[in-house]
Amino acid sequence: MYPKNTWYVACTPDEIADKPLGRQICGEKIVFYRAAENRVAAVEDFCPHRGAPLSLGYVDNGNLVCGYHGLVMGCDGKTVEMPGQRVRGFPCNKTYAAVERYGFVWVWPGDQDLADPALIHHLEWAVSDEWAYGGGLFHIHCDYRLMIDNLMDLTHETYVHASSIGQKEIDEVAPTTTVEGHEVVTARHMENIMPPPFWRMALRGNDLADDVPVDRWQICRFSPPSHVLIEVGVAHAGKGGYHAAPEFKASSIVVDFITPETETSIWYFWGMARNFNPRDQTLTDTIREGQGQIFSEDLEMLERQQQNLLDHPHRALLKLNIDSGGVQSRRVLERIIASERSPEPQLIASAQ
Amino acid sequence: MYPKNTWYVACTPDEIADKPLGRQICGEKIVFYRAAENRVAAVEDFCPHRGAPLSLGYVDNGNLVCGYHGLVMGCDGKTVEMPGQRVRGFPCNKTYAAVERYGFVWVWPGDQDLADPALIHHLEWAVSDEWAYGGGLFHIHCDYRLMIDNLMDLTHETYVHASSIGQKEIDEVAPTTTVEGHEVVTARHMENIMPPPFWRMALRGNDLADDVPVDRWQICRFSPPSHVLIEVGVAHAGKGGYHAAPEFKASSIVVDFITPETETSIWYFWGMARNFNPRDQTLTDTIREGQGQIFSEDLEMLERQQQNLLDHPHRALLKLNIDSGGVQSRRVLERIIASERSPEPQLIASAQ
Amino acid sequence: MYPKNTWYVACTPDEIADKPLGRQICGEKIVFYRAAENRVAAVEDFCPHRGAPLSLGYVDNGNLVCGYHGLVMGCDGKTVEMPGQRVRGFPCNKTYAAVERYGFVWVWPGDQDLADPALIHHLEWAVSDEWAYGGGLFHIHCDYRLMIDNLMDLTHETYVHASSIGQKEIDEVAPTTTVEGHEVVTARHMENIMPPPFWRMALRGNDLADDVPVDRWQICRFSPPSHVLIEVGVAHAGKGGYHAAPEFKASSIVVDFITPETETSIWYFWGMARNFNPRDQTLTDTIREGQGQIFSEDLEMLERQQQNLLDHPHRALLKLNIDSGGVQSRRVLERIIASERSPEPQLIASAQ
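Remember, predicted model here, so these are calculated numbers, not experimental data. (Residues numbered from 1 in each chain as written. Chains lettered and ligands numbered in written order. Predicted model: local features only at pLDDT ≥ 70, side-chain atom pairs only at ≥ 80, totals over all residues. Heavy atoms only, no water.)

Chemist: Please explain the overall build of chain A as it appears in this structure.
Modeler: On a plain count of helices and strands, chain A comes out with 7 helices and 17 strands. For chain A, the C-alpha radius of gyration of 22 Å lies close to 20 Å, the compact-globule estimate for 352 residues. Principal-axis analysis of the C-alpha atoms places the extent of chain A at approximately 75 × 50 × 35 Å. Of the contacts made within chain A by residues no fewer than 6 positions apart, 59% connect residues no fewer than 24 positions apart. (Helix = DSSP H or I, 4+ residues; strand = E, 2+ residues; numbered from the N terminus. Rg over C-alpha atoms; globule rule 2.2 N^0.38 Å. Contact = heavy atoms within 4.5 Å.)

Chemist: Is there a simple way to think about helix 6 (residues 281-311) of chain B in this case?
Modeler: An α-helical segment advances 3.6 residues per turn. Residues three or four places apart therefore align on the same side. Helix length check: helix 6 of chain B, at 31 residues, gives a terminal C-alpha distance of 45 Å against a target of 45 Å (1.5 Å per residue), a fit within 8%. The N-terminus of helix 6 of chain B is capped by Asp280(B), whose side-chain oxygen sits 3.1 Å from the backbone nitrogen of Thr282(B). (Expected span 1.5 Å × (residues − 1). Polar contact = N/O pair within 3.5 Å; in protein donor to acceptor, adjacent residues only side chain to side chain.)

Chemist: I tried to follow the pattern of salt bridges on my own but got confused; where do I start?
Modeler: Pairs may arise between side chains of opposite charge once their charged atoms sit close together. All names here are of chain A. Overall, the coordinates contain 45 salt bridges over all chains when judged by the stated rule. Between Lys168 and Asp171 there is a salt bridge whose closest N-O contact spans 3.1 Å. Of this pair, Lys168 and Asp171 both sit in helix 4 (residues 168-172), 3 residues apart, which is roughly one turn of that helix. Residue Asp171 is classed as buried on the basis of its relative accessible area of 8%. As a salt-bridge pair, Glu231 and Arg221 come within 2.8 Å of each other at their nearest N and O atoms. With Glu231 in strand 15 (residues 227-236) and Arg221 in strand 14 (residues 214-223), the pair connects residues that are 10 residues apart, well separated along the chain. Among the charged side chains, a network of salt bridges with common partners joins Lys4, Glu28 and Lys94. (Salt bridge = Lys/Arg side-chain N within 4 Å of Asp/Glu carboxyl O. Buried < 20%, exposed > 50% of the residue type's maximum accessible area, 1.4 Å probe, protein only.)

Chemist: Looking at this model, I keep getting lost on the interface of chain A and chain B. Mind explaining?
Modeler: Buried accessible area, meaning the area lost when the parts come together, often serves as the stated size of an interface. The interface is formed by 28 residues belonging to chain A together with 27 residues belonging to chain B. For the chain A and chain B pair, buried surface summed over both sides reaches about 2,400 Å², with 55% attributable to carbon and sulfur atoms. A per-residue breakdown of the area chain A buries against chain B is headed by Tyr159(A), Arg315(A) and Leu318(A), which together make up 28% of the total. Between chain A and chain B we count 3 salt bridges in total. Residue Glu44(B) pairs with Arg315(A) through a salt bridge whose shortest N-O separation is 2.6 Å. (Buried area = accessible area lost by both parts, 1.4 Å probe.)

Chemist: When you look at the confidence of the model for chain A in this model, what are you seeing that I'm missing?
Modeler: Reading fine detail from the predicted coordinates is not recommended where pLDDT is low. With 97% of its residues at a pLDDT of at least 70, chain A reaches an overall mean of 94. As a predicted assembly, this complex carries a pTM of 0.92 together with an ipTM value of 0.92. (pLDDT = per-residue confidence, 0-100.)

Chemist: Whenever I open this one, the sheet that holds strand 15 (residues 227-236) of chain C confuses me. Can you help?
Modeler: Adjacent strands of a sheet form backbone hydrogen bonds with each other and so pair up, either parallel or antiparallel. Residue and element names in this part refer to chain C. Strands sit in the order 11-17-16-15-14-13-12 across an open sheet of 7 strands; the sheet is antiparallel. Edge positions in the sheet fall to strand 11 (132-140) and strand 12 (176-180), since each has one partner strand and no second. The average angle at which neighbouring strand axes cross in this sheet is 15°, direction not considered. Judged from the 9 bridges that link them, strand 15 and strand 16 (residues 249-262) form a sheet pairing that is antiparallel. If you follow Gly233 over to strand 16, its bridge partner there is Ser251. Here helix 5 (residues 197-205) sits on the sheet and contacts strand 14 (214-223), strand 15, strand 16 and strand 17 (265-274); the angle it forms with strand 15, its principal contact strand, is near 70°. Contacting strand 11, strand 16 and strand 17, helix 6 (residues 281-311) crosses the sheet at an angle of about 25° to strand 11. (Pairing = 2+ DSSP bridges. Axes fitted to C-alpha atoms, helices over the stretch in contact; angles between N-to-C directions.)

Next comes the structure, spelled out in structure tokens:
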């Protein structure tokens, strides 16, 4: 139950730097590699000769060579050649539109005729010199929508991340959720509170006092198929909060690209983009390490929640105000999935 | 195929000393914890909010707090509160009668209206100063009845435990099996034999010569649902055997509480209660360590037997005289299970 | 989908030297052990008493003693005795014809009335003083026919074993495949090429120059049910190739006995027999180690290929000229399997 006519993050460029990468995305087993002119290519991970996974092979001269008997697969899914064989009649492999952009490799797992790179969301932080980005990848055994729920309801920070970004005041401020087209926004503003450890570190990283009251904000933006970009930050109290001048605040964007592997497993690309001290690589590393530690705290919870839901398939869950972000995001997804399955599918999945 | 309207051992108090414990019992996923006034509570291990396992949370002020978004669950299955929410309409969790007694936590997984703590078997050795107890817990992948069979036919000691409690003479004496109501008793008395290593250790522990002939006995008592208490001991030969005066014997009760997790897995609480030198903690530890080693020898056999039976579902097993204890115990269980499923269930499972 | 009325390699003698061996072959769970007069016996790995695996027991006086309660199983499948029991009425276990020959234990998993030791292939290299043999065993999760394909198409050496026995020239020479009765032969002769590392080592082992051009050959012989014996070798170029005099060549037989465990897993007995320097045990060990390393390179490919085929059950594979050896071998197997299932089965599986 996921949209397929849309762009998902498939991998990061470093994952295909040395050799092909086999990865299942939305149930499709795909091999990603660098084809001619360094372009990213994606074809079915199945050798038409005897079914070996092409991802066990290697790249030669821009083509993928099967590591079993040397069939040479082109990025168009056609066999280019094979030692001692005429290959013209060989069956074609499926290919997948793949684009390298913003530091990620994006893939379109559905109807290839509809794949339009212009539909990839613009990510200003990924192209501007004023921003720095660091992130990582987790493989998690849960439905991708459980991760969307997680990110669209940050009250869990108080409990799951009590020692870093959680604080009791999150619970005490109700979030507001709005829907604009396919985008769902859940926002929470907390005023005149003490910053928790992670934000004290960020304040120091921006050369600001870390032991004074702040205004804190969390603005979670879901957009299809499963991107959650969260504006987070703190400003010294009374300086305008979210709208405070840069010299009074430390803010960033939590980046979450959630790619379904199967119905109950995901590739979770997480990271943080910040627009203060963007050239401080040590700060980038410190933040990434901290974020990685924090986000790893969600893994057991999500996997055990998934298992509990599979064990209790008929049990209804609550939909509280704090769940509104996740609930509305699921509604958007349901509309998109229904549209994909209708006789005249409309291309709405990736329109921002 | 296990009785559910009965008391099972769920855990030992140390397992819930620091945090909640999630444990599946008779197919029910339950979280155990210390509620108000230190009382033991047991509720479904499922947060009514979003399905997270409550056992990942913590106890606060006698209530269980969900570790995901802070829902506060009461021991009555009702949500006490949740930050920023009105909880009156929240669905109730199932609760399970749970009682701490005799050094164990007991749970009633079936019809809660029938749960009566008076039905828990009396265990004299657990309340008397003249007895000491030490034990442990194994998780084993087998039907609980295979473990009952194991314990009601101790001829296996000769083969599985050859180096500790096994001896050829066990095979040579036929056991006698009697049924009284729901209790099944299999007894074996061996006269004028040399004690095996474990019993030599026990004789020394009771300040008795360990290199002389003894009379040895094993009296296995099954009572529903799956308790097997085994009176075992040796007395210097000719002093009256089982009835010998205390100064001539070393005897104890092997304690086995077998709790089904699923149809093919169990929580096996094993231990030994003795009434000699009860205040010698070093002896208790030595015995527990020895028993743990001995009992671990059964694990592979039981799990591989279970696998063999699953692979050969239509193959009939033999019911020999030595199997009579297990066979009779299964008959008692069948009657109880049938009774539970009848329109007018009678409460017989735990009556001793 | 494997023949059952045929001889398979079950194990090597060292595997039953100290205790019984439980092994599943063609879906049959069998225990192998040394019975009276050191003869090999094979019976169902299931104790008729309570279903314990007999392979957890021990051998006493030529009989198999169950390690649970001491039932004594004879090699005829009849219970010999059991402590305190009359065993005459006990149900019989299935037995399997088992023969020790050529350094292997062979088993006939199908209709026992048809088992004739004379049908075991003659292996000259296993009985002659002029030959030496070294080998090993792998457990692999793949259909046994994928391994036959692998061995009947050695073009994979160029890709999977590039650093040892692979070389580009293998690809450049088309193999010829012939079928004679149930035997399939795929042969390839490469002339005037430089020997790859493994063969340079073998040339040195036969006191021959290793830095000169050679003629190289590979003659793969499949015979039912799943034996692939491959004559391989190199001779100094121009000395007659395969037919060169012994002083100009290093040659050997790659030995592959593939025993189905289940439909998708095998016991793979691999080795090499050579007729140069047969008494040089160090050379035998060096070759075995090298071959083990080389053959282990196939494991991941075969297991991932198997997984890919299970994931794509309807996808047809190509049958190229290089695949002809495997394709013809599968045809032979299909005929044999069909014959086994016909009302009047003919015994053809093992006729060489």
